[in-house]
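Descriptive analysis of the structure
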Amino acid sequence: MNLPTQDLPAAEIAAAVKSGAVSAREVVTAALSRIEARNGALGAFTDVTAARALAKADAIDAARAKGEALGALAGAPFAAKNLFDIAGLPTRAGSKINRDLPPAKQDATLVERLEAAGAVLVGGLNMGEYAYDFTGENAHDGPSRNPHDPGHMSGGSSGGSGTAIASGMVPLALGSDTNGSIRVPSSLCGIFSLKPTYGRLSRARTFPFVASFDHLGPFARSVTDLALAYDAMLGPDASDPALADVAPNPLAASLALGAEGLRIARLGGYFAKTGEPAAFAAVERIAKALDAQRIVEFPQAERARASGYLITMAEGAALHLDRLRRRGADFDPDVRDRLIAGAMLPGAWIVKAQKFRSWFRSAVGEAMKDVDIVLAPATPCRAPRLGQKTMVLDGQEMLVRPNLGLFTQPISFIGLPVATVPVWTDGERLPIGVQIIAAPWREDLVLRVARALEAQGVVKAPIAR
Amino acid sequence: MSEPAFDADAIIEAMAPLLGLVVGEASRGPVKTHLEIAARYAALMEATALDDHEEPAPVFTP
């Protein structure tokens, strides 16, 4: 094998496997070898499913030998945040408590669909406990570290997904995003991600957090890989009651349409304050590359964030109330104490927050009548140091853990699709991300813009060495 | 509208037995902090005038 498959995007791996330039077994063996070499220092994987992965790779090679058609992701290794069911493993969802669950009998729908397209699952990824986290730290498994500077956070809660992609362990990973848990690690680790519209991709057989806001989506080092993964995961699924009855919208073929003709604006107001200059400079850079001169505002975005925060506390607490009673000492204390507080909130606050959600959806729909895409920072700062509890933004000291998501939370509150793109600055070791946001169901637009920026060289996702 | 009185200790005392939760010594400070943050956000949200007919977002579809 002469190809450095460990560094290749999934699309190129699939092309090489299909052509016979490399076997799926060689690709998977190389990925397992890199995981073995790097995971101890970085903490991305909590489970490596080597035997299963090699068996799947052999099946792909056998299918090719028989002349069968191979899928769009043939031989491409991927991994899933450990709240996705993986047959044979307990779905730990970052917790100690869930390790006592019986092993999952069947893979999550999205894992099944990626494997049906030829991708090969190589393991489960570290995450913040029960996804109530933006840091990527885990009290039980240790932190998933930022590969670009391992003393810093990966971001969470899909921290292992960010670490695995940015370190080149796999070209493709799955994560979940309730209030920003895909977009925050994407920003801090300098990789591409797609959080689709709420209700677009099946959540079947994944461990929930906040049913009102839970989304799933892919991470990658190229926009084409995001599109290929997304396309493979589309489709109806009776097992997820929140899945919307909308036609699938495969994206790979439309990527080349670019950003030409799209009406693009920056988000002002709430999204232009309470961050470090680097966050706004990144948006400025993207806006300039896209010639986006307009500024629009989402009215009352601060209240949207507040309402999303309250619903998250209450729904998360309701989900975990029995575990809080029986196994309180087995929680990460940072998670437990937020959940306990969430259990004590008045019901009227939560219903009103859900009414505000309807209002905000209408108001944002109105604000986006004249624009196709809006841009906003993904995080208020670059990756904080591991263990850092507070930060100062606009002169105000605040907790790191809940506030890394202050720009992501109002967006997922109403389920808008977002591609996060990584921006690098000369002389800085750590990246920062920008959210490319569209109206509901327009994942095609966010990935077209992300691909256009990638083609211009304005955004990129290099492997940390 | 006057700001509603908010006493996190009183809420913990009243709600913990109702919920069947024990708030240990180490947890009390952080739980209070999170309740106070929630109260600030609730006050922010409460300041929004919403029509009586505004439907909550998750409407059950039979």
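Preceding this section is the structure that the text describes.
The present account deals with the structure reproduced in this document. Every chain's residues receive numbers from 1 upward, in the order its sequence appears when written. Each chain gets a letter, beginning with A, and each ligand a number, beginning with 1, in the order they are written. Given that this is a predicted model, residues contribute local features only at a pLDDT of at least 70 and side-chain atom pairs are listed and counted only at 80 or more, while totals for whole chains, interfaces and linings are drawn from all residues. Heavy atoms from the whole structure form the basis of all side-chain values; hydrogens and water molecules are not counted.

What to know about the overall build of chain B
Segments assigned H or I by DSSP are reported as helices when at least four residues long, segments assigned E as strands when at least two residues long, and all are numbered from the N terminus. A tally of helices and strands in chain B yields two helices and zero strands. For every residue, the accessible area (1.4 Å probe, protein chains only) is compared with the maximum for its type, and the residue is labelled buried under 20%, exposed over 50%, or partly exposed between those bounds. Here chain B, with 62 residues, has 32% of them falling under the buried criterion. Here, Shrake-Rupley sampling with a 1.4 Å probe gives the accessible areas, and only protein chains in the shown set may cover a residue. A total of about 4000 Å² of accessible surface is found on chain B, and carbon and sulfur atoms cover 58% of it.

Digging into the sheet that holds strand E2 (residues 77-81) of chain A
Residues and elements named next belong to chain A. Here the rule is simple: two strands pair whenever DSSP picks up at least two bridges between them. Overall, mixed pairing links the eleven strands, which are arranged E1-E3-E2-E4-E6-E5-E12-E13-E9-E7-E8 in an open sheet. Edge positions in the sheet fall to strand E1 (45-48) and strand E8 (294-296), since each of these pairs with one other strand and no more. The average angle at which neighbouring strand axes cross in this sheet is 30°, direction not considered. By the bridge criterion, five bridges tie strand E9 (residues 373-377) to strand E13 (residues 432-438) in an arrangement that is antiparallel. Looking across to E13, one finds that Pro377 is bridged to Val434. Any pair of residues with heavy atoms lying within 4.5 Å of one another is described as a contacting pair. Note on geometry: axes are lines fitted to C-alpha atoms, helical ones only across the stretch in contact, with angles between N-to-C directions running from 0 to 180 degrees. Strand contacts of helix H5 (residues 159-166): E1, E2, strand E3 (120-125), strand E4 (172-177) and strand E6 (215-220), with the helix running at about 155° to E4, the strand carrying the most contacts.

A word on the interface of chain A and chain B
Counting from both sides, the interface comprises 32 residues of chain A and, opposite them, 33 residues of chain B. Put simply, buried area is how much 1.4 Å-probe accessible surface two parts lose in total, over both of them, once they are put together. Both faces combined, the contact of chain A with chain B buries some 2900 Å², and carbon together with sulfur accounts for 71% of it. Considering only the side of chain A, the residues that lose the most area to chain B are Met344, Lys352 and Lys355 of chain A, jointly responsible for 24% of the buried surface there. Any carboxyl oxygen of Asp or Glu that lies within 4 Å of a side-chain nitrogen of Lys or Arg is treated as forming a salt bridge with it. The tally of links from chain A across to chain B stands at one salt bridge. A salt bridge links Lys352 of chain A to Glu46 of chain B; the nearest nitrogen and oxygen atoms lie 3.2 Å apart. Polar contacts here mean pairs of N or O atoms no more than 3.5 Å apart (in protein, one a potential hydrogen donor and the other a potential acceptor; neighbouring residues in sequence count only if both atoms are side-chain atoms). In this structure, the connection of chain A to chain B is made through 13 residue pairs in polar contact (both at pLDDT 80 or more). At the level of secondary structure, the elements contributing two or more residues to the side of chain A that touches chain B comprise helix H9 (301-327), helix H10 (333-343) and helix H11 (347-367) of chain A. Among the elements that make up the side of chain A that touches chain B, the one with the highest residue count is H9 of chain A (eleven residues). Basically, the charged four are Asp, Glu, Lys and Arg, the nonpolar ten are Ala, Val, Leu, Ile, Met, Phe, Trp, Tyr, Cys and Pro, and anything else, Gly included, counts as polar. For the side of chain A that touches chain B, the residue count by class is 17 nonpolar, five polar and ten charged.

Observations concerning the pattern of salt bridges
All names here are of chain A. Summed over all chains, the structure comprises 32 salt bridges over all chains. A salt bridge links Asp58 to Arg25; the shortest N-O distance between them is 2.7 Å. In this pair, Asp58 sits in helix H3 (residues 50-65) while Arg25 sits in helix H2 (residues 24-42), placing the two residues 33 residues apart along the sequence. A relative accessible area of 36% means that Arg25 is categorised as partly exposed.

Some words on the packing of aromatic side chains
All names here are of chain A. Between the rings of Phe, Tyr and Trp (Trp by its six-membered ring), a pair exists once the centres lie within 6.5 Å; its type follows the angle of the planes, with under 30 degrees stacked, over 60 edge-to-face, and the other angles tilted. For the coordinates displayed, the defined rule picks out 15 aromatic pairs over all chains. Between Phe356 and Phe413 the ring centres are 6.4 Å apart and the planes differ by 25°, which places this aromatic pair in the stacked class. Here Phe356 is found in helix H11, whereas its partner Phe413 is found in the loop between helix H13 (409-412) and strand E12 (418-423), with 57 residues between them in sequence. The pair formed by Phe356 and Phe413 is uniform in burial state, with each residue classed as buried. Chaining the aromatic ring pairs together yields one cluster made of Phe213, Tyr270, Phe271, Phe280, Phe298, Phe356, Trp359, Phe360, Phe407 and Phe413.

Looking at H5 of chain A
Residue and element names in this part refer to chain A. Among the eight residues of H5, eight are classified as buried, and the element is accordingly described as predominantly covered. Regarding H5, the residues found buried are Gly159, Gly160, Ser161, Gly162, Thr163, Ala164, Ile165 and Ala166. Following H5 by one or two positions, Gly168 adopts a phi angle in the positive range, close to 75°.

No statement about biological role is implied by the geometric values presented.
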